[in-house]
Amino acid sequence: RAVAMSVSHSSRLNKLVREQYVRLPQDGLVQVTYVWIDGSGEGVRCKSRTLDKEPKSIEDVPEWNFDGSSTAQAEGSNSDMFLVPVCMFRDPFCLDPNKLVLCEVLKYNRKPAETNLRHTCKKVMDLVKDSHPWFGMEQEYTLLGINGHPYGWPDNGFPGPQGPYYCGVGADKVYGRDIVESHYKACLYAGVKICGTNAEVMPSQWEFQVGPCEGIEMGDHLWMARFILHRVCEDFGVVATLDPKPMTGNWNGAGCHTNYSTEEMRREGGLKHIEAAIEKLSKRHDYHICVYDPRGGRDNSRRLTGHHETSNIFEFSAGVANRGASIRIPRQVGQDGYGYFEDRRPAANCDPYAVTEAIMRTTVLNETGVETKDYGDH
């Protein structure tokens, strides 16, 4: 007996009919979809407009506005918010010459919205640009049916225990590969610096990796990869959740492991710079835990239990090839004496701007304690 999968109604619309319209010529006009982070700090929103010619750079894309009272970013009595374009990509859904444009959100007084964490991240990245920080972030996520139950799991019960699913192959081990491969191709088309993907330890859980990206580019590319993921899932009628612990019990949570290096770490003898950075991080554990999820560590406390390949949220630890540590030095890096290290603490729903900014503040700007320094405008 066929089991009815829990997918959305709109995913059952005839996509071949849509294809007929997508390929119609546009006579030089261009659709530009503006994408921004909403008041939750986790959700993305979008809306589109027509430009009379293809923008060649971000400067060719005009500012726009939206109703912030409908995105938990403003009150109805003063609701207009500014959309300031910051990074442009090709549109894999409407195809060339159409564009996806990531935007910063400013309030009516042109100050950054509360969830616009890019603003201060950009200031910090400009300050540390001579250290050439590279990042690679590993975004884990879980596919859910429209009913909120993990996609492909039995309606009443659970799949077999974890073990066969990580990097798995086969219909009884992998759920939703079509979505993953479509997302990968869409990111490549868009110009997102996606560099890999794999099935994760919990069934219906997946990961994609973005990087290496330098400085502010890390947050820009990961946020656009997330938008594209949600948009691909919409077409297939399922939901991608970034919840750090979508299923309680003996199941792995979801993180956003962050790989990081500076130019001196990547050079011969760089291991001593890696160890110095880890030493600085060890003294500022509480501050990092606070910014590594949108709820000041409360989301991560469900995930960082010391079990299921995580460290304990209350303790800082580091080790070579240790997936139960806060910071992992890859074995190859330990052998070579230079390279990068991995911060395993960020939650799947972290803001990459906040994570990368925090790492730079601690390891390059040498901040200590839980307070951050205001560097003003540079």
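Residues numbered from 1 in each chain as written. Predicted model: local features only at pLDDT ≥ 70, side-chain atom pairs only at ≥ 80, totals over all residues. Heavy atoms only, no water.

Novice: Got a minute to help me understand the nonpolar core in this structure?
Specialist: Most often, soluble globular proteins have nonpolar side chains that are buried together. Among the nonpolar cores identified, the biggest contains 71 residues, and Tyr-141, Leu-143, Val-192, Met-224, Ile-228 and Phe-341 are the most heavily contacted of them. With ten residues, helix H4 (residues 217-236) is the single largest residue contributor to this core. Both domains that furnish three or more residues to this core are identified here as domain 1 (9-115) and domain 2 (125-364). Not counting residues within four places of it along the chain, the set of residues in contact with Tyr-141 comprises Val-180, Ser-204, Gln-205, Trp-206, Glu-207, Phe-208, Leu-229, Ala-240, Thr-241 and Leu-242. Grouped together as the second largest cluster of nonpolar side chains are 14 residues, Leu-51, Val-61, Trp-64 and Phe-66 included. (Core = buried A, V, L, I, M, F, W, Y, C linked by side-chain atoms within 4.5 Å. Buried < 20%, exposed > 50% of the residue type's maximum accessible area, 1.4 Å probe, protein only. Helix = DSSP H or I, 4+ residues; strand = E, 2+ residues; numbered from the N terminus. Domains from an automatic or database assignment. Contact = heavy atoms within 4.5 Å.)

Novice: Help me understand the sheet that holds strand S5 (residues 99-106) in this model?
Specialist: Whether parallel or antiparallel, the strands of a sheet pair through hydrogen bonds between backbone atoms. Taken in spatial order, the five strands line up as S2-S1-S5-S4-S3 in an open sheet, and their pairing is mixed. The open sheet is flanked by strand S2 (44-51) and strand S3 (64-67), the only strands paired with a single partner. Across the sheet, the axes of successive neighbouring strands diverge by a mean angle of 40°, strand direction being ignored. Here strand S1 (residues 30-37) pairs with S2 via eight bridges, running antiparallel. Opposite Thr-33, over in S2, you have Ser-48 as the bridge partner. (Pairing = 2+ DSSP bridges. Axes fitted to C-alpha atoms, helices over the stretch in contact; angles between N-to-C directions.)

Novice: Can you walk me through the domain arrangement of the chain in this structure?
Specialist: Interface size is commonly expressed as the accessible surface area that is lost when the partners come together. Taken domain by domain, the chain comprises domain 1 (9-115) and domain 2 (125-364). When each unit is reduced to the centre of its C-alpha atoms, the spacing between domain 1 and domain 2 is 26 Å. At the junction of the two partners, domain 1 supplies 21 residues and domain 2 supplies 23 residues. Taking both sides of the interface into account, the surface hidden between domain 1 and domain 2 amounts to around 2000 Å²; carbon and sulfur atoms contribute 69%. One can count one salt bridge joining domain 1 with domain 2. Between Glu-42 and Arg-295 there is a salt bridge, and its shortest N-O distance comes to 2.8 Å. Where domain 1 touches domain 2, the interface holds five residue pairs in polar contact (both at pLDDT 80 or more). Those elements that place two or more of their residues in the side of domain 1 that touches domain 2 are helix H1 (15-22), S1, S2, strand S4 (80-90) and S5. Across the side of domain 1 that touches domain 2, the residue classes break down as twelve nonpolar, three polar and six charged. (Buried area = accessible area lost by both parts, 1.4 Å probe. Salt bridge = Lys/Arg side-chain N within 4 Å of Asp/Glu carboxyl O. Polar contact = N/O pair within 3.5 Å; in protein donor to acceptor, adjacent residues only side chain to side chain. Nonpolar A, V, L, I, M, F, W, Y, C, P; charged D, E, K, R; others polar.)

Novice: Which parts of the structure should I look at to understand the environment of Tyr-108?
Specialist: By the element assignment, Tyr-108 lies in the loop between S5 and helix H2 (118-127). Placed 27 residues apart in sequence, Tyr-108 and Met-81 show a C-alpha to C-alpha distance of 5.7 Å. Contact partners of Tyr-108, with chain neighbours within four places excluded, come to Asn-78, Asp-80 and Phe-82.

Novice: Is there a simple way to explain the pattern of salt bridges in this structure?
Specialist: A side chain of one charge can pair with a side chain of the opposite charge when the charged atoms of the two come close. Counted under the stated rule, the structure contains 24 salt bridges. A salt bridge links Asp-96 to Arg-90; the shortest N-O distance between them is 2.6 Å. You can call Asp-96 partly exposed: its relative accessible area is 40%. Taking the shortest distance from any N to any O, the salt bridge between Arg-118 and Asp-220 comes out at 2.9 Å. Taken together, the positions of Arg-118 in helix H2 and Asp-220 in helix H4 put the pair 102 residues apart, joining distant regions of the chain. For the residue pair Arg-118 and Asp-220, the accessibility class agrees, reading buried in each case. Ionic contacts of the salt-bridge type, sharing partners, join the residues Glu-42, Asp-243, Arg-295, Asp-299 and Arg-302 into one network.

Novice: Which parts of the structure should I look at to understand the side chain of His-183?
Specialist: By the secondary structure assignment, His-183 is in helix H3 (residues 177-190). Within the structure, the side chain of His-183 is placed 3.0 Å from the backbone oxygen of Ala-225, a separation counted as a polar contact.

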